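Coordinate inspection notes
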Amino acid sequence: MVEDQIVDGSLAEEEKAPSTNEIAAFSRINPATAAKGVNLLVDKGVLYKRRGIGMFVAVGARERVLAERRAAFADSYIAPLIVEARKLGLGPDDVVQLISEHATSQTS
């Protein structure tokens, strides 16, 4: 949720992030679980703690999150797509054309 807000710009760099209690209440999860998620974001350099004030979005957080998501996208979607395309005898141009055609038909 916090990463999505950073990516879409609704949570900007140096802005105060939601507290673990706010995240827990909104997501209907245990506060300890929310705290684990926040700590993961701290470990990744997306959030940082200001003692006594709360968590804030780090400078460069959006770029970090986008880079991580692009890599995950490539691993989860592009790599299997290439494997299947090879099985079907499709080359890079064929795949690009199929993606372009599909994207065009989805926006109509």
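Residues numbered from 1 in each chain as written. Predicted model: local features only at pLDDT ≥ 70, side-chain atom pairs only at ≥ 80, totals over all residues. Heavy atoms only, no water.

**Notes on the overall build of the protein chain**
Scanning the protein chain from N- to C-terminus turns up 5 helices and 2 strands. Starting at the N terminus and walking to the C terminus, you meet the elements of the protein chain as α-α-α-β-β-α-α. Taken against the 2.2 N^0.38 rule, which gives 13 Å for 108 residues, the C-alpha radius of gyration of the protein chain at 19 Å runs more than 25% over that of a compact globule. If you line up the protein chain on its principal axes, its C-alpha atoms span 60 × 25 × 25 Å. A total of 108 residues make up the protein chain; the buried ones form 22% of that total. Once local pairs closer than 6 in sequence are excluded, the contacts in the protein chain between residues at least 24 apart make up 46%. Accessible area for the protein chain stands at about 7700 Å²; split by element, carbon and sulfur atoms hold 57% of it. When the 13 positive and 15 negative side-chain charges of the protein chain are each reduced to one mean point, those points stand 9 Å apart. (Helix = DSSP H or I, 4+ residues; strand = E, 2+ residues; numbered from the N terminus. Rg over C-alpha atoms; globule rule 2.2 N^0.38 Å. Buried < 20%, exposed > 50% of the residue type's maximum accessible area, 1.4 Å probe, protein only. Contact = heavy atoms within 4.5 Å. Areas by Shrake-Rupley, 256 points an atom, 1.4 Å probe, with all protein chains shown as cover. Lys, Arg positive; Asp, Glu negative; His and termini not counted. Charge placed at Lys NZ, Arg CZ, Asp CG, Glu CD.)

**As for the layout of surface pockets**
Approximately 160 Å³ is the volume found for the largest pocket. When contributions to the lining of the largest pocket are tallied by element, the ones reaching two or more residues are helix H1 (2-8) and helix H3 (31-43). With 5 residues, H3 is the largest single contributor of residues to the lining of the largest pocket. Classifying every residue of the lining of the largest pocket by side-chain character gives 6 nonpolar, 2 polar and 4 charged. (1 Å grid on protein atoms, 1.4 Å probe; cavity = no way out; pocket = protein on both sides within 12 Å on 5 of 7 lines; lining within 4 Å. Points joined across faces, edges and corners; volume = space filled by probe spheres on them. Nonpolar A, V, L, I, M, F, W, Y, C, P; charged D, E, K, R; others polar.)

**Some words on the pattern of salt bridges**
Going through the model one piece at a time under the given rule, you end up with 5 salt bridges. Measuring nitrogen to oxygen at the nearest pair gives 2.6 Å for the salt bridge that ties Glu-3 to Lys-44. Here Lys-44 lies in the loop between H3 and strand E1 (47-50) and Glu-3 lies in helix H1, a separation of 41 residues in the sequence. Take Glu-3: its relative accessible area is 16%, and that puts it in the buried class. Residue classification places Lys-44 among the partly exposed positions, given a relative accessible area of 33%. Arg-50 serves as the salt-bridge partner of Glu-14, at 3.0 Å between the closest nitrogen and oxygen. (Salt bridge = Lys/Arg side-chain N within 4 Å of Asp/Glu carboxyl O.)

**Quick notes on unusual backbone geometry**
Residue Glu-14 is not a glycine yet carries a positive backbone phi of 70°. For Arg-28, which is not glycine, the phi dihedral falls at a positive 55°. Take Arg-28: it is sitting in the loop between helix H2 (20-27) and H3.

**Quick look at the nonpolar core**
In this structure, Val-2, Ile-6, Leu-11, Val-46, Leu-47 and Val-57 are the most contacted members of the largest nonpolar core, which totals 17 residues. Elements with a contribution of two residues or more to this core: H1, H2, H3, strand E2 (54-57) and helix H4 (61-87). Not counting residues up to four positions away in its chain, the partners in contact with Leu-11 are Val-2, Gln-5, Ile-6, Lys-16, Ala-17, Pro-18 and Val-57. (Core = buried A, V, L, I, M, F, W, Y, C linked by side-chain atoms within 4.5 Å.)

By themselves, these figures tell us nothing about what the structure is for.
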